[in-house]
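Observations on chain architecture
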Amino acid sequence: MSRRSILIAAPMLAVSVQASRAQESWPPVFEADRSQFTMVRPRAMMPQLRLQHIGGRDAVITAKPGRITLVNFWATWCAACKLDLPVLASLAASRAEALDIVAICTDTKDLRKIRKYLDSLAVQNLACYADAYGVAAEASSAMFTIIGMPITYLVGMGGRVEGYITGAPDWLSPAGSRLLQFYREQS
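Anyway, here's the lowdown on the structure attached to this text.

What counts, and at which threshold
Residues numbered from 1 in each chain as written. Predicted model: local features only at pLDDT ≥ 70, side-chain atom pairs only at ≥ 80, totals over all residues. Heavy atoms only, no water. Phe/Tyr/Trp six-rings, centres within 6.5 Å; stacked < 30°, edge-to-face > 60°. Helix = DSSP H or I, 4+ residues; strand = E, 2+ residues; numbered from the N terminus. Buried < 20%, exposed > 50% of the residue type's maximum accessible area, 1.4 Å probe, protein only. Lys NZ or Arg CZ within 6 Å of the ring centre and 35° of its normal. Core = buried A, V, L, I, M, F, W, Y, C linked by side-chain atoms within 4.5 Å. Contact = heavy atoms within 4.5 Å. Arc of directions from axis to C-beta. Polar contact = N/O pair within 3.5 Å; in protein donor to acceptor, adjacent residues only side chain to side chain. Salt bridge = Lys/Arg side-chain N within 4 Å of Asp/Glu carboxyl O. Disulfide = S-S within 2.5 Å.

Here we take up the packing of aromatic side chains. Considering all chains together, one arrives at 6 aromatic pairs under this definition. Residues Trp74 and Tyr117 carry aromatic rings whose centres are separated by 5.4 Å and whose planes lie at 15° to one another, so their mutual orientation is stacked. In this pair, Trp74 sits in strand β4 (residues 68-74) while Tyr117 sits in helix α3 (residues 111-120), placing the two residues 43 residues apart along the sequence. The burial state of Trp74 is the same as that of Tyr117; both residues are buried. Among the aromatic side chains, those forming a connected cluster through ring pairs are Phe37, Phe182 and Tyr183. The ring of Tyr133 is capped by Arg50, whose NZ or CZ atom sits 3.8 Å from the centre of that ring.

Time to look at the nonpolar core. Leu70, Trp74, Leu85, Leu118, Leu126 and Trp171 are the most contacted members of the largest nonpolar core, which has 40 residues in total. Element by element, the count of residues in this core is highest for helix α2 (residues 81-93), at 6 residues. In contact with Trp74, not counting residues within four places along its chain, are Cys81, Leu85, Ala103, Ile104, Cys105, Thr106, Asp107, Ile114, Tyr117, Leu118, Met149 and Pro150. Val40, Leu49, Val102 and Tyr129 belong to the second-largest nonpolar core, a separate cluster that totals 18 residues.

Another aspect to go through is α3. All of the buried residues along α3 are Leu111, Ile114, Tyr117 and Leu118. The buried residues of α3 occupy one face: seen down the axis, they fall within an arc of 125°. Within α3, the exposed residues directed more than 90 degrees away from the buried face are Arg112, Lys116, Asp119 and Ser120. Its buried side turned inward, α3 meets β2 (49-53), β4, α2, β5 (99-105) and β6 (127-130). Among the residues of α3, the N-terminal cap falls to Asp110, whose side-chain oxygen and the backbone nitrogen of Arg112 are separated by 3.1 Å.

When the charged atoms of two side chains lie near each other, side chains of opposite charge can form a pair. If you walk through the whole model with that rule in mind, you get 5 salt bridges. Taking the shortest distance from any N to any O, the salt bridge between Asp100 and Arg67 comes out at 3.0 Å. Taken together, the positions of Asp100 in strand β5 and Arg67 in the loop between β3 (58-61) and β4 put the pair 33 residues apart, joining distant regions of the chain. The class of Arg67 is partly exposed, set by a relative accessible area of 27%. Within the structure, one salt-bridge network assembled from shared partners comprises Arg41, Arg43 and Glu162.

The next thing to look at is the environment of Ala127. As for its placement among the helices and strands, Ala127 is situated in strand β6. Residues Ala127 and Ile54 lie 73 residues apart in sequence; the distance between their C-alpha atoms is 8.4 Å. Leave out the neighbours within four places in its chain, and Ala127 touches Ile101, Val102 and Ala103.

For the structure shown, the criterion picks out 1 disulfide. Across the disulfide from Cys78 sits Cys81; the S-S distance is 2.5 Å. On the sign convention where negative is left-handed, the bridge of Cys78 and Cys81, at about 90° about the S-S bond, is right-handed. Taken as a pair, Cys78 and Cys81 share a single burial class, namely buried. Note on Cys105: no disulfide assigned, nearest cysteine sulfur contributed by Cys81 at a separation of 8.6 Å. With relative accessibility at 0%, the residue Cys105 sits in the buried group. Unpaired in this structure, Cys128 has its nearest cysteine sulfur neighbour in Cys105, at a distance of 8.7 Å.

The following block contains the structure:
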């Protein structure tokens, strides 16, 4: 190789290396039927959510340091939720590393109705809550904007809301696993 060709190729190589590094800072593509994972900026800290567990006890939900949290908003009238909730329950049952899942029913505070709905879907092992105090509704106007139903927000290891996806994505798919792994590796 001549000195001239090295001088010409060096800037292109530098741009290529910078582009590949920039690509590594973006999460992998993860899609549902009509939606894909969308990053949010600026990234804000997840607020504490005071909810009511479907078992009847009050709970304060926060993001745990060093863990990913999926915050899922759903409703009993939502057709796509019938597909989404069983997948989230399977993901929770798989004991995925450093992952918490919070499913919040947005349309009713009637715990019996919510339990009956979840039983009809055979959803078990999923932390489900009712927005009995309107806190999730308040947070949805400030941080967790509900632009479709269901919608799942991904909160990263540092407790910041990273992005969301609407619809019923397959979190157990290779693409879902890659997205979760990407955020596990972020500091």
